[in-house]
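Here is what each chain is made of, one letter per residue.
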Amino acid sequence: METEKNIEVVNASDDSTEVIVAPQQPASTWRPQDADREIIKANIRRRVWTSNASPKAQFIPAKPLPTVQDDGQKTVAVYARVSTKSTEQVSSIENQTRYYTEKVEKTPNWDMLEIYSDEGISGVSIKKRPAFLRMIKDATEKKMDLILCASVSRFARNMSECLDQIQLLKTKNPSHPVGVYFETENIYTLDPRSSDQLQIHAMLADWESANKSRRMILSYDQRISTGQYPVLDLLGYRHTEDGQLVMVKDEAITCRFIFLACVVGYTLDEIAAILTEKERPTLRGNTEWTPAMVRNIMMNERRWGHLEARKSIVIDHKSKKVTKNNNTRDSAYDPEHHEGIVTFEIAKAAHMVVASGRALKGGIHDLNVISEGALKGFLSVCPSWEGMDCQVLQDICTDVYDDDEYAELLYKASILRGEEHSNVESLAYAVAERQPDR
């Protein structure tokens, strides 16, 4: 029968620890479940108390943890951002600029490199913040040692982007890391102890961004439900404080020309070329026109006096992904919101030409509705016409009827649809009995 060794730990008189092997016992002898664990612990204690460093070894302590007040000359950059271009925000960014300029000047070992500022730009994504991107590029090229920023939310409202950019600044050049000091939270990113605190504040900034998006959606819902439709300036119109659109006559000429030129047969490319040649300005003052720009002018319902609120929505506030609003959120359509540059009929005719491509050479031909006889109210339709719905055709046809005739037509149509009953009580004919010949 195999046997196993029992090990006992005994403290020797010279304060050292010995490992003693007990006499062999049969393998079937019961042992405590944690016997081996106690042996390992005893050996660890022995190694700790008996090990000694070499007399020649030197202990070298680590450098003190970095702080923003460290000595040594530093090249400093400042980042400032406001999300809107309102007068209050302009004052805010100017105050930030002045404050940090004076702060750097009063610190003997700081030299100002530049104040990078993004005005009227959201902090959700860094992709559309040119000053921020340029600052990060300069930092990775070792042009600065420190970045000052008022708060984490001013630096970035997207948690992942905030942490990624700070990590990039620390690790891109290990021998020349760039730290960011957030004054409101008193966080210096080169201090290892700041990591957890920074993540918490970045998470709060991210949450605030999402909460702001939800507030804006709710505000939009409330404005639509009360008829306060958000409106912006567009070519041909300017908006007033109370949400009305006022026509700009000179710009309206450009818009009206686009519709009428399309109706009489000009292509989008030809219209764009004419507008460019005539140097007709766009809303932003550009005189170079493209077919896509012409098409966009024609497809905006505000040009014929209608207004559709919330045609598209942002489905993700971080990526700014925009999609068509397929009844995902509240919307509204006001067909007589303001004075149109063209009539609804002209707009529909232009849309028909665009939808038909090159099939309608020379534009839309005159529509001749038969005004009398058995085919009264009928009109001939070109097989290549597209984009004109049944309601438009019906409106054209009914112009040849007076009110009484049209009311009678509607009544007959309702009988055919089974919605009304005619005056005929029965279609059964009475057959007279045939009298016998006399």
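Rules behind the numbers
- Residues numbered from 1 in each chain as written.
- Predicted model: local features only at pLDDT ≥ 70, side-chain atom pairs only at ≥ 80, totals over all residues.
- Heavy atoms only, no water.
- Buried < 20%, exposed > 50% of the residue type's maximum accessible area, 1.4 Å probe, protein only.
- Helix = DSSP H or I, 4+ residues; strand = E, 2+ residues; numbered from the N terminus.
- Arc of directions from axis to C-beta.
- Contact = heavy atoms within 4.5 Å.
- Axes fitted to C-alpha atoms, helices over the stretch in contact; angles between N-to-C directions.
- Parallel < 35°, antiparallel > 145°, perpendicular 65-115°, else oblique.
- Nonpolar A, V, L, I, M, F, W, Y, C, P; charged D, E, K, R; others polar.
- Expected span 1.5 Å × (residues − 1).
- Phe/Tyr/Trp six-rings, centres within 6.5 Å; stacked < 30°, edge-to-face > 60°.
- Lys NZ or Arg CZ within 6 Å of the ring centre and 35° of its normal.
- Pairing = 2+ DSSP bridges.
- Polar contact = N/O pair within 3.5 Å; in protein donor to acceptor, adjacent residues only side chain to side chain.
- pLDDT = per-residue confidence, 0-100.
- Salt bridge = Lys/Arg side-chain N within 4 Å of Asp/Glu carboxyl O.

## Brief notes about helix 8 (residues 268-277)
Taken together, the buried positions of helix 8 are occupied by L268, I271, A272 and L275. Take helix 8 and look down its axis: the buried residues cluster within an arc of 100°, on one side only. Along helix 8, the residues that are exposed and aim more than 90 degrees away from the buried face are D269 and E277. Buried residues along helix 8 sit against helix 7 (249-263), helix 9 (291-299) and helix 10 (344-356).

## Some details on the packing of helix 8 against helix 9
Running from N to C, helix 8 and helix 9 point in directions that differ by 100°, and their axes come no closer than 8 Å. On the basis of the axis angle, helix 8 is roughly perpendicular to helix 9. Together, L268, D269, I271, A272 and L275 of helix 8 and P291, V294, R295 and M298 of helix 9 make up the contact between the two elements. A per-class count over the contact of helix 8 with helix 9 returns seven nonpolar, no polar and two charged.

## What about helix 7?
With 15 residues, helix 7 should reach 21 Å at 1.5 Å per residue; the first-to-last C-alpha distance of 21 Å fits that figure. For helix 7, the set of buried residues is E251, A252, T254, C255, I258, F259, A261, C262 and V263. Looking at the packing, one finds that the buried side of helix 7 touches strand 8 (237-239), strand 9 (245-247), helix 8, helix 9 and helix 10. Positive phi appears at G265, one or two residues downstream of helix 7, with a value of about 120°.

## Details of the packing of aromatic side chains
Counting across every chain of the model gives six aromatic pairs. Summarising the aromatic geometry, the rings of Y79 and F155 are spaced 6.5 Å apart at their centres and angled 80° between planes, so their arrangement reads as edge-to-face. Within this pair, whereas Y79 is found in strand 3 (residues 74-82), its partner F155 is found in helix 4 (residues 152-155), the two being separated by 76 residues in sequence. Aromatic side chains F259 and W304 sit 6.4 Å apart centroid to centroid with 90° between the ring planes, which places their arrangement in the edge-to-face category. With F259 in helix 7 and W304 in the loop between helix 9 and strand 10 (307-309), this residue pair connects regions lying 45 residues apart in the sequence. Relative accessible area serves as the criterion here: at 10%, W304 is assigned to the buried category. Taken together, Y79, F132, F155 and F182 form an aromatic cluster joined through their ring pairs. Looking at R129, its charged tip hangs above the ring of F132, at a distance of 4.5 Å from the centre.

## Quick notes on the sheet that holds strand 4 (residues 110-119)
Strands pair in a sheet through their backbones, by hydrogen bonds, and they do so in one of two ways: parallel or antiparallel. Taken in spatial order, the five strands of this open sheet run 4-3-5-6-7, and their pairing is mixed. Each edge of the open sheet carries a strand with a single partner, namely strand 4 and strand 7 (187-188).

## Focus: the environment of R81
The topology assignment puts R81 in strand 3. Its relative accessible area of 0% is what places R81 among the buried residues. Separated by 50 residues in sequence, R81 and A131 have C-alpha atoms that sit 9.3 Å apart. Separated by 2.8 Å, the side chain of R81 and the backbone oxygen of S153 make a polar contact.

## Quick notes on the confidence of the model for the protein chain
Parts of the model with low pLDDT should not have their predicted coordinates read in detail. Looking at the protein chain as a whole, the pLDDT averages 81, with 81% of positions reaching at least 70. Model confidence for the protein chain, summarised as mean pLDDT per element, is weakest for strand 1 (residues 3-11) at 47 and strongest for strand 5 (residues 146-149) at 95. With pLDDT under 50 throughout, residues 1-14 is counted as low confidence; its partners more than four residues away or in other chains account for 38 contacts.

## A word on the pattern of salt bridges
Under the criterion given, the structure shown has 15 salt bridges. Note that E141 is salt-bridged to K137, the shortest N-O span being 2.8 Å. Residue K137 is classed as partly exposed on the basis of its relative accessible area, which comes to 47%. The partner of E251 in a salt bridge is R238, with the nearest N and O atoms 2.6 Å apart. Remark: R238 occurs in strand 8 and E251 occurs in helix 7; sequence separation between them is 13 residues. The buried category is assigned to E251, whose relative accessible area is 13%.

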